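Spelled out from the first residue to the last, the chains are:
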Amino acid sequence: MSEKTSSDAPVFDSLWAEIADIGHHTGTGGYRRFAWSDADLTLREWFRGCAAARSMDLEEDRNGNLWAWWLPNNWIGDPKGAFVTGSHLDSVPDGGAFDGPLGVVSAFSAVDLLRERGIEPSLPIAVVSFSDEEGARFGVACIGSQLTTGMLAPERALGLRDIDGITLAEALTRAGRDPHRLGPDSTLTDRVGVFVELHIEQGRALDLVDRPLALASAIWPHGRWEFDFTGEANHAGATRLIDRHDPMLAFAAAVQTARAEASACHAVATFGKVLVSPNGTNAIPSRVRAWLDARAADQPTLDALVARITAAAYADATVEGIDLAVHTESVTPIVDFPSELRTRLARALSHLGEIPVFPTAAGHDAGILSDRVPTAMLFVRNPTGVSHSPAEHADTADCHLGTVALADVMTAWVT
C-alpha cells in the first residue's frame, strides 16, 4: 500500500496543531476534555471556526452535537441523504490526543482535499462532532448520539451527575444551553445518507499485519455497571479484624473475579473507576463504589460474564458482612456494520491495496447510529496499541493517508 501523502498534509498538520494544547495536562501528558468543561467549550469554538473558514453552515443541534454542512451549489431546502463523517472531541481522564479528534480533524482536511481536487458534490457533506462520547464526566457513553437516536431518554440524561454532584441539566445551563431541548432527532434518517467515522485503532491488529488502514466489521457488545459496596467505617488500628465490615475486601475480590471470568470466556472486564469513602489512610472504608466495564464477542457471553461477576460479588459481600447493590448504567448491543457498505468503501480504496477488516471491542458513535442510518468505520494504525492513555499514538504519515482515504471515499459517494 502506498503511503504517499498529498498537498493536504499541511492542512491536517495546521488543524492538528491548533488543538494540541486544549485540555492538555502538563503533569500527566494526557488530555482532560470533559463534556461542557472549559476545554470542551473551547474545542466547540474551534469547530465553529473551522466551519466558518470553509463557508460551511454551522448547526448545534438540540443535543449539543455540532454539524458543519457543505451543501451543493443551487441546493434548495434542508440537507437530505448527506455523506457525514467526523467523530468526537471529548476525552477520558488523561486520555490520548487521537481518540476522537483524529476523526474530526481528518474530516475537515478531507473537505479541503475535495475542494483542492475541484470536486463539486452532488449530495450534501457534513462534518459532525458528537457530544460527550466518552462519558467521562456523567458516566454514560455516547450521550449526544444516544439522545439523537432516542436510545437515551432526556429525563434520565438530565439527571446524570458528575463527581461533584453537578447534573447534566446544570452543566448545560451553565454553558448557556437549554436543557429542555434534549431529545430525539426526527430528521436524522432523512438528512444522513451514510455516516463514516474515521478513528485511531484501539488495539494493535494493524501493526501486527503491517497495514496503515482497516475497515470495521463489527463492534462487540459492551456495558457499564456500578457496584456499590457498603460496610462500616472504623479505626484502621484499633478495630480487630474479626469485628470489621470492610467493603474493600469484597471489592478486591470482585476485581480478581472479573479478570478470571473474562479470561475464561475470551472477553474483557475491567474495574477502572473507584470512589472510596471516607478515603482516609487510617480508616476502614464505609463505602466503595466501583464501575465495571465488560465486553465480549457476543451478547450471551457478555450476559453470562456479568452474571458470574455479580453473583460472586454478592457472595463475597455476604462473607464480609456488608451490603452490595449493582446498577446497570448502560448496555450497548453488538453492532454488525453492513457488508454492502463496507464493500463499497473498499472499492473506493482499492487503489491503496488490501484493506484489512476486523471487529473492535471499543464503542463508538457509529455504533449508536447504526440502527438508524448506514454506518461504517475506517481505522488508522496505532503502532503500540495503547489507547485511553497519554501514550496513544499514530504516525503522521498514517494520519495523512487516513485523510486521503476518507476523501477518496467521500469523492466516490458524492460524485
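Figured I'd write up the structure that's included with this text. Every chain's residues receive numbers from 1 upward, in the order its sequence appears when written. Thresholds applied to this predicted model are a pLDDT of at least 70 for local features of residues and 80 or more for the giving and counting of side-chain atom pairs; totals over whole chains, interfaces and linings are not thresholded and use all residues. Water and hydrogen atoms play no part in the side-chain values, which are based on all heavy atoms of the structure.

1. Concerning the sheet that holds strand E9 (residues 268-277)
Adjacent strands of a sheet pair through backbone hydrogen bonds, lying either parallel or antiparallel.
Okay, step 1: DSSP calls a pair of strands paired once it identifies at least 2 bridges connecting them. What counts as a helix is a DSSP run of H or I of at least four residues, what counts as a strand is a run of E of at least two, and both are numbered from the N terminus. With antiparallel pairing, 4 strands are arranged side by side in an open sheet as E9-E11-E7-E12. What marks the edges here is a single partner per strand, and that holds for E9 and strand E12 (323-332). Recorded for the sheet is a direction-independent mean angle of 15° between the axes of neighbouring strands.
Okay, step 2: Sheet analysis places E9 next to strand E11 (residues 287-295), joined by 9 bridges and oriented antiparallel. Its bridge partner lying in E11, Val276 is registered against Val288.
Okay, step 3: Together, strand E7 (222-230), E9 and E11 form the strand contacts of helix H9 (residues 247-264), whose direction differs from that of E9 by roughly 170°. Fitting a line to C-alpha atoms yields each axis, with helices limited to the stretch in contact; the angle taken between N-to-C directions then spans 0 to 180 degrees. We call two residues in contact when some of their heavy atoms are within 4.5 Å.

2. Describing the nonpolar core
The tendency in soluble globular proteins is for nonpolar side chains to be buried side by side.
Okay, step 1: Trp46, Phe83, Leu102 and Phe108 are the most contacted members of the largest nonpolar core, which totals 58 residues.
Okay, step 2: It is helix H13 (residues 396-414) that provides the largest number of residues to this core, a total of 10 residues.
Okay, step 3: In this view, Phe108 contacts Leu15, Trp46, Phe47, Cys50, Ala51, Arg54, Met56, Ala68 and Val127; residues no more than four positions away in its chain are not counted.
Okay, step 4: The nonpolar core is taken to be a set of buried Ala, Val, Leu, Ile, Met, Phe, Trp, Tyr and Cys residues, with the residues joined through side-chain atoms within 4.5 Å. For each residue, the accessible area found with a 1.4 Å probe, counting protein chains only, is set against the maximum for its type, and the residue is called buried under 20%, exposed over 50%, and partly exposed in between. Formed by 25 residues, the second largest nonpolar core is a distinct cluster that contains Phe229, Val288, Leu292 and Leu324.

3. A word on the packing of aromatic side chains
Okay, step 1: Pairing of aromatic rings covers Phe, Tyr and the six-membered ring of Trp, with a centre-to-centre limit of 6.5 Å; geometry is then stacked below 30 degrees between planes, edge-to-face above 60, and tilted otherwise. Taken as a whole, this structure holds 13 aromatic pairs when the rule is applied.
Okay, step 2: A centroid spacing of 6.2 Å and a plane angle of 65° characterise the contact between Phe229 and Phe251, whose relative ring orientation is edge-to-face. Pair noted here: Phe229 is in strand E7 and Phe251 is in helix H9, with a separation of 22 residues, a long-range link. Side by side, Phe229 and Phe251 carry an identical accessibility label, which is buried.
Okay, step 3: Through a chain of ring-to-ring contacts, three or more aromatic side chains come together here, namely Trp67, Trp69, Phe130 and Phe195.
Okay, step 4: Think of it as a cone above the ring: NZ of Lys or CZ of Arg counts as a charge over the ring if it is within 6 Å of the ring centre and within 35 degrees of the ring normal. Over the ring of Trp291 we find Lys273; its NZ or CZ atom is 4.6 Å from the centre of that ring.

4. Brief notes about helix H1 (residues 9-19)
Okay, step 1: Considered for burial, the residues of H1 that qualify are Ala9, Phe12, Leu15, Trp16 and Ile19. On an axial view of H1, the arc spanned by its buried residues comes to 135°, and they lie on one face. Facing away from the buried surface of H1 by more than 90 degrees, the exposed residues are Pro10 and Ala17.
Okay, step 2: Packing partners of the buried residues in H1 comprise helix H2 (38-53), helix H3 (101-116) and H13. Taken from the helix axis, the directions to the C-beta atoms give the arc we talk about.

5. Side note on the packing of H1 against H2
Okay, step 1: Interaxial distance between H1 and H2 falls to 11 Å at its minimum, and their mutual angle equals 155°. Relative to H2, H1 is oriented roughly antiparallel. Crossing of H1 against H2: the hand is right-handed. Every residue of H2 that contacts H1 at Leu15, Glu18 and Ile19 is listed here: Leu43, Trp46 and Cys50. Any angle from 65 to 115 degrees is called roughly perpendicular, while one under 35 is roughly parallel, one over 145 is roughly antiparallel, and all others are oblique. The sense of a crossing depends on the near helix, which, turned anticlockwise from the far helix by less than a right angle, makes the crossing left-handed and, turned clockwise, makes it right-handed.

6. Notes on the pairing of strand E5 (residues 192-200)
Okay, step 1: In terms of burial, E5 is a largely internal element, 8 of the 9 residues being buried.
Okay, step 2: The pairing of strand E3 (residues 82-88) with E5 spans 4 bridges and is classified as parallel. In the strand pairing of E5, Val84 is matched with Phe195.
Okay, step 3: Across 6 bridges, the pairing between E5 and strand E15 (residues 375-380) is parallel. Each bridged residue has a counterpart across the sheet, and for His199 the counterpart in E15 is Phe379.

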